[in-house]
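# Fold and contact review
In case you want the letters, here they are:
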Amino acid sequence: MIRNENGLLTGYVYVDLAGRDPESYIQEADRLLREKVTLLPGYAFAWSGQYDAMQRVAARLELVVPLTLLLIFLLLYLNTRSVTKTCIVALAVPFSAVGAVWFLYLLGYNMSIGSGSA
């Protein structure tokens, strides 16, 4: 398909990645394109779609996850006023979550993202 985007003619190539993760495909395809294809002046290529969305989410999570963990640790500290107690509570949470998932598995519950977040 050829479209006009930002005043430039744009051509799209759709690729079906059945049985392969987008990141490894893009890395290999990008390497091959840069080695084997010489672009004329005024031409460029860019990766978009699922890969582009993954990159944006990964960049956002690099900021959000540490900030969230710091905020949780700070709130625990403000509640206990003790670094030792805060660390004990913070380290107990992942082990409790693993135990809860094992227990649900033993009881035969069907788990999914939707039912797990409820």
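Relevant structure appears above.
Residues numbered from 1 in each chain as written. Predicted model: local features only at pLDDT ≥ 70, side-chain atom pairs only at ≥ 80, totals over all residues. Heavy atoms only, no water.

## Details of unusual backbone geometry
With phi around 55°, Arg-81 is a residue other than glycine that occupies positive phi space. As for its placement among the helices and strands, Arg-81 is situated in the loop between helix H2 (50-80) and helix H3 (83-107). Judged by relative accessible area, which is 58%, Arg-81 ranks as exposed. (Helix = DSSP H or I, 4+ residues; strand = E, 2+ residues; numbered from the N terminus. Buried < 20%, exposed > 50% of the residue type's maximum accessible area, 1.4 Å probe, protein only.)

## Let's talk about the pattern of salt bridges
The final tally for this structure, using the stated rule, is four salt bridges. A salt bridge links Arg-20 to Glu-28, with the nearest nitrogen and oxygen atoms 2.5 Å apart. Its salt-bridge partner being Glu-35, residue Arg-31 comes within 3.5 Å of it at the nearest N-O pair. With Arg-31 and Glu-35 both in helix H1 (residues 22-36) and four residues apart, the pair spans about one turn of that helix. (Salt bridge = Lys/Arg side-chain N within 4 Å of Asp/Glu carboxyl O.)

## Points about the packing of H2 against H3
With their axes 9 Å apart at the nearest point, H2 and H3 run at an angle of 130° to one another. Taken together, H2 and H3 sit at an angle that is classed as oblique. The element H2 and its partner H3 pack so that their crossing is right-handed. Here Phe-73, Leu-76, Tyr-77 and Thr-80 of H2 come into contact with H3, specifically with Val-83, Lys-85, Thr-86, Cys-87, Val-89 and Ala-90. Among the residues forming the contact of H2 with H3, the class breakdown is seven nonpolar, two polar and one charged. (Axes fitted to C-alpha atoms, helices over the stretch in contact; angles between N-to-C directions. Parallel < 35°, antiparallel > 145°, perpendicular 65-115°, else oblique. Left-handed = near helix turned anticlockwise from the far one by under 90°. Contact = heavy atoms within 4.5 Å. Nonpolar A, V, L, I, M, F, W, Y, C, P; charged D, E, K, R; others polar.)

## Thoughts on the packing of aromatic side chains
What the rule picks out here adds up to two aromatic pairs. Taking 6.4 Å as the distance between ring centres and 20° as the angle between the ring planes, the aromatic pair formed by Tyr-12 and Tyr-14 counts as stacked. Their ring planes at 80° and their centres at 6.2 Å tell us that Phe-45 and Trp-47 sit as a pair that is edge-to-face. Judged by its relative accessible area of 30%, Phe-45 is partly exposed. (Phe/Tyr/Trp six-rings, centres within 6.5 Å; stacked < 30°, edge-to-face > 60°.)

## A closer look at a nonpolar patch on the surface
Together, Val-57, Leu-61, Leu-63, Val-64, Val-65, Leu-69 and Ile-72 make up an exposed nonpolar region whose accessible area comes to about 620 Å². Position of Leu-63 among the secondary structure elements: in helix H2. On the basis of relative accessibility, which here comes to 59%, the residue Leu-63 falls in the exposed class. (Patch = residues over 30% accessible without salt bridge, like charges linked within 9 Å, V, L, I, M, F, W, Y side chains within 5 Å. Areas by Shrake-Rupley, 256 points an atom, 1.4 Å probe, with all protein chains shown as cover.)

## Digging into H2
The terminal C-alpha atoms of H2, which comprises 31 residues, lie 43 Å apart, in line with the 45 Å expected from a rise of 1.5 Å per residue. Of all the bends in H2, the greatest measures close to 30° and is centred on Leu-61. Just downstream of H2, Arg-81 is the residue with a positive phi angle, here 55°. (Expected span 1.5 Å × (residues − 1). Bend = angle between axes of the 7 residues up to and from the residue.)

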